[in-house]
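# Examination of the molecular architecture
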Amino acid sequence: MAGWLHAGLWGWLAGSALLLGAGIGYALHVPQRAVAAVMAFGSGVLISTLSFELMDEAYARGGLDSTAIGFLGGAAVYTAINTLLSHRGARHRKRSGDQQAREADAAGSGLAIAAGALLDGIPESIVIGLSLLKGGAVSLVAVVAIFLSNLPEGLSSASGMRRAGRGAGYVFGVWGAIALMSGLASIAGYTLFDGRSPDVVAATTAVAAGAILAMLADTMIPEAFEIAHDFAGLVTVAGFLAAFALSKYA
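Residues numbered from 1 in each chain as written. Predicted model: local features only at pLDDT ≥ 70, side-chain atom pairs only at ≥ 80, totals over all residues. Heavy atoms only, no water.

It is worth spelling out helix α4 (residues 140-163) at this point. Taking 1.5 Å as the rise per residue, α4 with 24 residues should run 34 Å; its terminal C-alpha atoms sit 35 Å apart, in good agreement. With respect to burial, α4 is a largely interior element, 18 of its 24 residues being buried. G165 sits one or two residues past α4 and shows a positive phi near 85°. (Helix = DSSP H or I, 4+ residues; strand = E, 2+ residues; numbered from the N terminus. Expected span 1.5 Å × (residues − 1). Buried < 20%, exposed > 50% of the residue type's maximum accessible area, 1.4 Å probe, protein only.)

Side chains that are nonpolar tend, in soluble globular proteins, to be buried together. Ranked by internal contacts, the top residues of the largest apolar core, which has 21 residues, are L50, L54, Y78, I212, M215 and L216. Residue assignment for this core shows that the elements contributing at least two residues are α2 (32-90), α3 (109-131), α4 and α6 (198-228). When residues of this core are assigned to their parent elements, the largest contribution, nine residues, is made by α6. By size, the runner-up hydrophobic cluster in this structure holds 10 residues, among which are A22, A114, A117 and W175. (Core = buried A, V, L, I, M, F, W, Y, C linked by side-chain atoms within 4.5 Å.)

Within this numbering scheme, the UniProt entry marks residues 6-28, 35-55, 67-85, 126-148, 168-193, 200-221 and 227-246 as carrying the feature "transmembrane region" (unreviewed entry). In residues 67-85, the share of helix is 100% and the share of strand is 0%. The end C-alpha atoms are 27 Å apart. Taken end to end, residues 168-193 has its terminal C-alpha atoms 37 Å apart, with 92% of it in helix and 0% in strand. (UniProt positions renumbered as here; feature names shortened; annotations may be inferred.)

Our focus in this paragraph is the pattern of salt bridges. A full pass over the atoms with the stated rule returns one salt bridge. The partner of E57 in a salt bridge is R61, and the shortest N-O contact between them spans 2.7 Å. With E57 and R61 both in helix α2, this residue pair falls four residues apart, about one helical turn. The exposure class of E57 is partly exposed, given its relative accessible area of 21%. On the basis of relative accessible area, R61 is assigned to the partly exposed category, the value being 24%. (Salt bridge = Lys/Arg side-chain N within 4 Å of Asp/Glu carboxyl O.)

Looking at the protein, the pLDDT average stands at 83 and 88% of residues meet or exceed 70. For the protein, the element scoring lowest by mean pLDDT is α3, at 78; helix α7 (residues 232-249) scores highest, at 89. (pLDDT = per-residue confidence, 0-100.)

With that settled, consider the packing of aromatic side chains. Taken as a whole, this structure holds three aromatic pairs when the rule is applied. With a centroid separation of 5.7 Å and an interplanar angle of 70°, the aromatic rings of F52 and F240 are classed as edge-to-face. One end of the pair, F52, is in helix α2; the other, F240, is in helix α7, with 188 residues separating them in the sequence. (Phe/Tyr/Trp six-rings, centres within 6.5 Å; stacked < 30°, edge-to-face > 60°.)

This paragraph deals with the environment of V174. Position of V174 among the secondary structure elements: in helix α5 (residues 168-191). Between the C-alpha atoms of V174 and L19, which are 155 residues apart in sequence, the distance is 8.9 Å. Not counting chain neighbours up to four residues away, the residues in contact with V174 comprise A114 and M161. (Contact = heavy atoms within 4.5 Å.)

Glancing now at α5. Along its 24 residues, α5 runs 34 Å from first to last C-alpha, staying within 8% of the 34 Å computed at 1.5 Å per residue. Here α5 has its buried residues at V171, V174, W175, I178, A179, S182, G183, A185, S186, I187, G189 and Y190.

Running from N to C, helix α1 (residues 3-27) and α5 cross one another at 160°; their axes reach a closest spacing of 7 Å. The orientation of α1 with respect to α5, classified from their angle, is roughly antiparallel. The two elements α1 and α5 meet at a crossing, and its hand is right-handed. Class assignment of the residues belonging to the contact of α1 with α5 gives a composition of 17 nonpolar, 11 polar and no charged. (Axes fitted to C-alpha atoms, helices over the stretch in contact; angles between N-to-C directions. Parallel < 35°, antiparallel > 145°, perpendicular 65-115°, else oblique. Left-handed = near helix turned anticlockwise from the far one by under 90°. Nonpolar A, V, L, I, M, F, W, Y, C, P; charged D, E, K, R; others polar.)

With that settled, consider the environment of L241. Assignment of secondary structure puts L241 in helix α7. The exposed category is assigned to L241, whose relative accessible area is 54%. Note: C-alpha distance between L241 and S48 (193 residues apart in sequence) is 7.5 Å.

Structure, rendered in structure tokens:
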């Protein structure tokens, strides 16, 4: 199988969790505390993955300078774009309650939420493509971790979209498109950086890691803490440990 196709299929697999989570969140009335707990677990999984997979890999490839520049740069770019989208109605796109803006109250908020959801998913997907550049085998730890974190993202956001009065066509159109884009982003991560210098690949991996950590701090962790603050820390640690164990035994 061609490497780019391999990357795309793994990216689509990880991205499909967004659509699966959206289906659960839209069709079922999942208790908000349960949604928040799953968000906390997913946050822990991603924190562990970017710590022990992405940053270690970036450092091994390009050293501290490329890794640090990429990590800070990824966080800065994500924050800038996220701030712009937040001012256009996407601030609470991952909230499962009544915080999401309604189109009637904030014109254009639907498009901003969709763009924000895409912004959140692209760095994770690029990582999958980049992982194939090392020996031609995908990082199963990264794929599983991204799948596990995507599931609560889709679940929580779709619950909030339903409460904001958005129809099934909008919800599943958004998450279906993002699942498709996840595969394309993985293909881009593989094809655009194949043959590039270790420093470039390291910096790009670190950019993705910085964007993911900024996303967690801005969107997923606030949702988890607001609703399940009594147990959010413990559940986040459990997610971290699950991904750490997976990295050691996978």
